[in-house]
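Observations on the model geometry
Spelled out from the first residue to the last, the chains are:
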Number of protein chains: 2
Amino acid sequence: MAEKPLILVTNDDGITAPGLRALIKVMNTIGDVVVVAPDSPQSGMGHAITINDTIYLRKESIDNGPQTEYSTSGTPSDCVKLAKHEILDRIPDLCVSGINHGSNAAINVIYSGTMSAAIEAGIEGIPAIGFSLCDYNWEADFEPFENYIKTIAENVLKNGLPKGIVLNVNFPKVENTGIKGVKICRQAKSYWNESFDRRQNPQGKDYYWLTGKFVNLDSGNDTDQWALEHNYISVVPIQFDFTAHHCIELLNSWKLNA
Amino acid sequence: MAEKPLILVTNDDGITAPGLRALIKVMNTIGDVVVVAPDSPQSGMGHAITINDTIYLRKESIDNGPQTEYSTSGTPSDCVKLAKHEILDRIPDLCVSGINHGSNAAINVIYSGTMSAAIEAGIEGIPAIGFSLCDYNWEADFEPFENYIKTIAENVLKNGLPKGIVLNVNFPKVENTGIKGVKICRQAKSYWNESFDRRQNPQGKDYYWLTGKFVNLDSGNDTDQWALEHNYISVVPIQFDFTAHHCIELLNSWKLNA
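Residues numbered from 1 in each chain as written. Chains lettered and ligands numbered in written order. Predicted model: local features only at pLDDT ≥ 70, side-chain atom pairs only at ≥ 80, totals over all residues.

Observations concerning the pairing of strand β7 (residues 165–171) of chain A
Residues and elements named next belong to chain A. Of all seven residues making up β7, seven are buried, and the element is well covered by its neighbours. What you see with β7 is no split at all: Ile165, Leu167, Val169 and Phe171 on one side and Val166, Asn168 and Asn170 on the other are buried throughout. In this sheet, β7 lies alongside strand β6 (residues 128–133) in parallel orientation, the contact comprising five bridges. Within the sheet, the bridge partner assigned to phenylalanine 131 lies in β7 and is valine 169. (Buried ≥ 20, exposed ≤ 12 C-beta atoms within 10 Å, placed from the backbone. Helix = DSSP H or I, 4+ residues; strand = E, 2+ residues; numbered from the N terminus. Pairing = 2+ DSSP bridges.)

Right, here's the structure in full:
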């Protein structure tokens, strides 16, 4: 590549999140970096977009790095749309989202703002990767994963990604020397077994907090959840064509014309 | 079935939306209906869940129907979780979401609160269907589709759905006599070509409205978009295992271990 690649960086934990700052640091070693990230945490936003409200955009200067930065009042998906249509003067060569503070493996991918930004980029034709660390701690150490992030990003820049595919990369919570390497995986079949924590507000009205326990239904050793539990970095290729092609024949056998 | 099936009804347009009321009316002819719906419109919420905020729940009485109703301050996915864990004393036999005011065909499925509720139910093991009408009009006429809704719901109750599958049903904007019937489809390859409408607030600060134009990249006649444009009702089986299994071999050929 003659000129340096243009890299769009975003996340869902907000523009000051340590995971985002770590990702910017690595991307600055590869290309020209533009950051467009939410001005506040957006965890659990799924693939939300802002259609019934206004969106604000502000130029930011968070550290002394060479990157250009903007914060927005929008969702992670909004960030990608704004970057493409209002900020960048060409299509970026790569979009990276994260590093999320917390796992986006298994069924978590569906609730993930981090992954929704990567998927939005994929829909818009930009090669995209979401990165997450299985550690909710705001002080988590991202340094052990920097080389892997660089290698994965460089591979995507060099090889491209098949149409309609983005990568969901998760890092295990493990010391540097404990990382066993990278494993290409499928999404583990799993769900969250929720319970609601019911409380009363000072006015005596009931309200709820959503809490839950992750349940892995999958005993396969080719899943992202298995990989992470065995100290591998999981890479799952994911698609945004949700069609269950194998069910079309079955449904055609139903009598649906009333 | 000895006792009447238990049917959970939800949506993303809010508990007073005419599309929800139409769906309740049909479901009351099939089973015992419990409604848990957002207290305000949640369009474009994707698969958002409320993890950083409290959730309120209120018993409602909107009309004189036999159904039981609750409104919540949560998202469509929250509604399903609340219903299962806090409201219902057994797993419902069916969850229906909608009828959405506006299309959830093609790539719209990914931004859809209506479909996220159906997918959430699917994840929790409840057979689920999302219904949408390709008409944003709040006064749209749902009556021509009532028989189809009943037939599709009864088929799902009778046959069940394969594990990990939910149905995305869209109705064309067409007069009663114009409906050509039901077509099982795949999700059309498509995207939204956004533009942002930049304005200034009274304080002189720029803000944006997200607007866009739907672009269908798919010339197949087996897609939901094709079906709807030709006055068919589209039914797409969708899955929440996002793994692109066909890409795993390709990625295994990359050198990702730094």
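A short note on the relation of the copies chain B and chain A
The operation relating the two chain copies consists of a rotation about an axis and a shift along that axis. With an RMSD of 0.0 Å, the fit of chain B onto chain A corresponds to turning through 180° and sliding 0.0 Å along the axis. The two molecules are tied by a two-fold rotation axis, judged by turn and shift. In this assembly, 100% of the residues forming the interface of chain B have copies in chain A that are likewise at the interface, indicating an isologous arrangement. (Least-squares fit on C-alpha atoms with pLDDT ≥ 70 in both. Contact = placed C-beta atoms within 7 Å.)

Things to note about the interface of chain B and chain A
With 68 residues of chain B at the contact, the number on the chain A side is 69 residues. Of all elements in the fold, only α2 (76–87), α3 (113–123), α4 (146–159), β8 (182–184), β9 (190–200), β10 (206–216), β11 (233–239) and α6 (248–252) of chain B reach the threshold of two or more residues within the side of chain B that touches chain A. Here the side of chain B that touches chain A takes six residues from α4(B), the largest share from any one element.

Observations concerning the environment of A:Leu23
Residue and element names in this part refer to chain A. Within the fold, leucine 23 resides in helix α1 (residues 18–27). Taking the number of C-beta atoms within 10 Å as the measure of exposure, leucine 23 has 29 and is therefore buried. With 14 residues separating them along the chain, leucine 23 and valine 9 place their C-alpha atoms 7.7 Å apart. The residues touching leucine 23, leaving out its near neighbours within four places in the chain, are Val9, Val96, Gly98, Ile99, Phe131 and Ile149.

Description of the sheet that holds strand β2 (residues 32–38) of chain B
All names here are of chain B. The nine strands lie next to each other as β3-β4-β2-β1-β5-β6-β7-β11-β8, forming an open sheet whose pairing is mixed. Strands at the two margins of the open sheet, each flanked by one partner only, are β3 (57–60) and β8. Strand-to-strand, the axes of this sheet are offset by a mean angle of 25°, without reference to chain direction. Two elements, β8 and β11, share three bridges in a ladder whose sense is parallel. Residue pairing in the sheet places isoleucine 184 in a bridge with valine 235 of β11. Along the sheet, α2 makes contact with β1 (6–10), β2, β3, β4 (68–72) and β5 (94–101), crossing β2 at roughly 135°. (Axes fitted to C-alpha atoms, helices over the stretch in contact; angles between N-to-C directions.)

Remarks on the pairing of strand β10 (residues 206–216) of chain A
All names here are of chain A. Note that strand β9 (residues 190–200) and β10 share eleven bridges and pair antiparallel. Residue aspartate 197 lies in a different strand from β10, and its bridge partner there is tryptophan 209. Between β9 and β10, which follow one another and run antiparallel, lie five residues, and glycine 204 among them has a positive phi close to 85°.

What to know about the packing of α2(B) against α3(B)
The description of two helices packed together rests on the angle between their axes and the distance between the axes. Residues and elements named next belong to chain B. Two elements in contact, α2 and α3, have axes whose closest approach is 7 Å; the angle formed by their N-to-C orientations is 30°. Between α2 and α3, the crossing angle belongs to the class labelled roughly parallel. In this structure, the crossing between α2 and α3 has a hand that is right-handed. Contact residues: Pro76, Ser77, Cys79, Val80 and Lys81 in α2; Gly113, Thr114, Ser116, Ala117, Glu120 and Ala121 in α3. Per-class residue counts for the contact of α2 with α3 are five nonpolar, four polar and two charged. (Parallel < 35°, antiparallel > 145°, perpendicular 65-115°, else oblique. Left-handed = near helix turned anticlockwise from the far one by under 90°. Nonpolar A, V, L, I, M, F, W, Y, C, P; charged D, E, K, R; others polar.)

Topic: the confidence of the model for chain A
Considering every residue of chain A, the mean pLDDT works out to 93; 98% of them sit at 70 or more. Scoring of the predicted complex yields 0.92 for pTM and 0.89 for ipTM. (pLDDT = per-residue confidence, 0-100.)

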